[in-house]
Amino acid sequence: AMVSACAAGGATPVARHALIIPSPEVTAAKQKTAEDAVRARVATLGAEGTVEAELLIARNAAFEAFRRSYRKNQAIEENKKQLKEKYDVAKALGEAVNAARSRINALKGQIDSVRRSRAAAELSGSGDDGGACEEESLLRAKVEAEKRSYK
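Residues numbered from 1 in each chain as written. Predicted model: local features only at pLDDT ≥ 70, side-chain atom pairs only at ≥ 80, totals over all residues. Heavy atoms only, no water.

Asker: Explanation requested: the overall build of the protein chain in the structure shown.
Answerer: Along the protein chain, the regular secondary structure elements total five helices and two strands. Along its sequence from the N terminus, the protein chain presents helices and strands in the succession β-α-β-α-α-α-α. A burial count over the protein chain gives 15% of its 151 residues as buried. Accessible area of the protein chain: about 11500 Å², with a carbon and sulfur share of 59%. (Helix = DSSP H or I, 4+ residues; strand = E, 2+ residues; numbered from the N terminus. Buried < 20%, exposed > 50% of the residue type's maximum accessible area, 1.4 Å probe, protein only. Areas by Shrake-Rupley, 256 points an atom, 1.4 Å probe, with all protein chains shown as cover.)

Asker: Quick question: what am I supposed to make of the side chain of glutamate 146 here?
Answerer: Structurally, the position occupied by glutamate 146 is in helix H5 (residues 130-150). By relative accessible area, which is 17% here, glutamate 146 ends up buried. Those residues in contact with glutamate 146 that lie beyond four places of it in its chain are Ala100, Arg103, Ile104 and Leu107. (Contact = heavy atoms within 4.5 Å.)

Asker: Sorry if this is basic, but what is going on with the confidence of the model for the protein chain here?
Answerer: Detailed reading of the predicted model is not advised wherever pLDDT is low. Counting all residues, the mean pLDDT for the protein chain is 77, and 75% of those residues have values of 70 or more. Mean pLDDT across the secondary structure elements of the protein chain bottoms out at strand E1 (residues 2-3), with 40, and peaks at helix H4 (residues 73-124), with 90. Overall, residues 1-21 carries pLDDT values under 50, and its contacts beyond four positions in sequence, including any with other chains, amount to 20 contacts. (pLDDT = per-residue confidence, 0-100.)

Asker: Help me understand the pattern of salt bridges in this model?
Answerer: Working definition: two side chains of opposite charge can pair if their charged atoms are close together. This structure, assessed with the given rule, holds nine salt bridges. For glutamate 64, the salt bridge identified is with arginine 68, shortest N-O distance 3.9 Å. In this pair, glutamate 64 and arginine 68 both sit in helix H3 (residues 51-69), four residues apart, roughly one turn of the helix. Where aspartate 88 meets lysine 84, a salt bridge forms, and the shortest distance between an N and an O atom there is 3.2 Å. Residue aspartate 88 and its partner lysine 84 are located together in helix H4, separated by four residues, close to a single helical turn. Residue aspartate 88 is classed as partly exposed on the basis of its relative accessible area, which comes to 38%. Because the salt bridges share partners, they merge into one network encompassing Glu64, Arg67, Arg68, Glu77 and Lys80. (Salt bridge = Lys/Arg side-chain N within 4 Å of Asp/Glu carboxyl O.)

Asker: Help me out: how do you make sense of the nonpolar core in this one?
Answerer: Across soluble globular proteins, you tend to see nonpolar side chains buried next to one another. Core analysis: the biggest nonpolar cluster contains six residues, these being Ile104, Leu107, Ile111, Val114, Leu139 and Val143. For this core, the elements supplying multiple residues, two or more each, are H4 and H5. In terms of residue count, H4 provides more of this core than any other element does, four residues in total. Those residues in contact with leucine 139, other than ones at most four positions away along the chain, are Leu107, Gln110, Ile111 and Val114. (Core = buried A, V, L, I, M, F, W, Y, C linked by side-chain atoms within 4.5 Å.)

Listed below in structure tokens is the structure:
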């Protein structure tokens, strides 16, 4: 719901987000998982059992507790999800563009090949360039179609 500028204490309307508090079991499970991940990283570094390692684990546990209790955490998580979705879409579009570009380059190579064979045929005097011109036209049409999908 939108709150008026006076009620929000600012110059612009502010959206209020409902605070969703996960159950204690879910919170404990997430905290345990995060703590296990930090312990695994500490063990990988060979710092297991040191005072610094325990301080790092405690600091990370405190940060996770703060992050989960922060009143705008749900909005942050939603934004992260939306960003990930947009990133995935952008990645798929990039892959499609790269695929179209490689198809364009392959078609250009085929056009070059057709032109070379037509030039060789003209030099040798066989003179059958009607089929080669038709093939080149088809390849050019394919290149144009790929360029439209590229853009």
